[in-house]
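Per-entry structural report
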Amino acid sequence: MAQEGEKMDNGTQTVLNDCPFCGCEATLEESSIFPMQYAVICNRATCAAMGPKENTEEEAIAAWNRRTPEPPRVTKKRFCEIIDSLRAADDTRRKVNAIFQRSCDHIENDFMNAAALQINHEGIVAELLALAMGYEGDTLEWWLWECDYGRKFKLGSFAEADGTAIDVSTAKRLYEYLKKERIV
Ligand SMILES: [Zn+2]
């Protein structure tokens, strides 16, 4: 995520947006072959996206930043907080269910099931989160429910088309994945 901009002496923004392809940070570099040629290059070696070569540092930064899409409308911090809340609510629901089941085993009654008592907003929250991320896919729902809020996620169970494992073991990593895969 781009930070608050420092200014160069001439007032130009020096802030580099994250790589539009992989979301990693990027660095301004001067060409080792052509002096006075500058370009911004993604820090992630396996991505190595490079911005247009320009004659000044400012132009190279501006050109790189122009190609970077707008960031998601939900920050990584907020995304993780929302996921934590959903997981905490689910924990509570399970505990309440367990208590009811212990004390009311003889009563056949759906009302004893806290999940049935609770108006379930999770599907809506998941949909809104995906919208805020600009992501169109069911990875978020899969992660929440199939992977039990990430708890049952196993590295290797989720992979790129070429077989490369994708790590979404935490909400933070899930955010990074959705950000990378989003359609803007
Ligand atoms: Zn990159």
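Note that the coordinates shown come from a computational prediction; the quantities given were computed from them, not determined experimentally.

1. Observations concerning the overall build of the protein
Across its full length, the protein holds six helices and two strands. Reading the helices (α) and strands (β) of the protein from amino to carboxyl end gives β-β-α-α-α-α-α-α. Taken across its 184 residues, the protein has 17% of its residues classed as buried. Sequence-distant contacts in the protein: of pairs separated by 6 or more residues, those separated by 24 or more amount to 42%.

2. Observations concerning the nonpolar core
Core analysis: the biggest nonpolar cluster contains 17 residues, and Phe79, Leu129, Leu140, Leu174 and Leu178 have the highest contact counts within it. Secondary structure elements with two or more residues in this core: α2 (76-103), α4 (122-133), α5 (139-146) and α6 (171-181). Broken down by element, this core gets its largest block of residues, five residues, from α6. Apart from residues no more than four positions distant in its own chain, Leu140 is found in contact with Ala126, Leu129, Ala130 and Leu178. Counting residues in hydrophobic clusters, the runner-up holds ten residues, among them Ala26, Val40, Ile61 and Trp64.

3. With respect to the packing of α2 against α6
Pairs of packed helices are described in terms of their axes, by the angle between the two and the distance that separates them. Between α2 and α6, whose axes approach to 9 Å, the crossing angle comes to 125°. With respect to their mutual orientation, α2 and α6 come out oblique. Between α2 and α6 lies a crossing whose hand is right-handed. Within the contact between the two elements, α2 uses Lys76, Phe79, Cys80 and Ile83 and α6 uses Ala171, Lys172 and Tyr175. The residue makeup of the contact of α2 with α6, split by class, is five nonpolar, no polar and two charged.

4. Some thoughts on the environment of Pro52
If you trace the backbone, Pro52 turns up in the loop between β2 (38-42) and α1 (57-67). Its 14 C-beta neighbours within 10 Å are what place Pro52 among the partly exposed residues. Separated by 14 residues in sequence, Pro52 and Tyr38 have C-alpha atoms that sit 8.3 Å apart. Here Pro52 is in contact with Ala39 and Ala63, once residues within four sequence places are set aside.

5. A few points about α1
Looking only at α1, the buried set comprises Ala60, Ile61 and Trp64. Buried positions in α1, seen along its axis, are confined to an arc of 95° and lie on one side of it. Buried residues in α1 make contact with β1 (26-30) and β2.

6. Thoughts on α6
Where α6 is concerned, the buried positions are Ala171, Leu174, Tyr175, Tyr177, Leu178 and Lys179. Buried residues along α6 sit in contact with α2, α4 and α5.

7. Focus on the packing of α2 against α4
Where α2 contacts α4, the axes come no closer than 12 Å and their chain directions differ by 165°. Relative to α4, the element α2 is oriented roughly antiparallel. Crossing of α2 against α4: the hand is left-handed. Contacts from Phe79, Ile82 and Leu86 in α2 reach Glu122, Val125 and Leu129 in α4. Residue classes in the contact of α2 with α4 are distributed as five nonpolar, no polar and one charged.

Thresholds applied
- Residues numbered from 1 in each chain as written.
- Predicted model: local features only at pLDDT ≥ 70, side-chain atom pairs only at ≥ 80, totals over all residues.
- Helix = DSSP H or I, 4+ residues; strand = E, 2+ residues; numbered from the N terminus.
- Buried ≥ 20, exposed ≤ 12 C-beta atoms within 10 Å, placed from the backbone.
- Contact = placed C-beta atoms within 7 Å.
- Core = buried A, V, L, I, M, F, W, Y, C linked by C-beta atoms within 7 Å.
- Axes fitted to C-alpha atoms, helices over the stretch in contact; angles between N-to-C directions.
- Parallel < 35°, antiparallel > 145°, perpendicular 65-115°, else oblique.
- Left-handed = near helix turned anticlockwise from the far one by under 90°.
- Nonpolar A, V, L, I, M, F, W, Y, C, P; charged D, E, K, R; others polar.
- Arc of directions from axis to C-beta.

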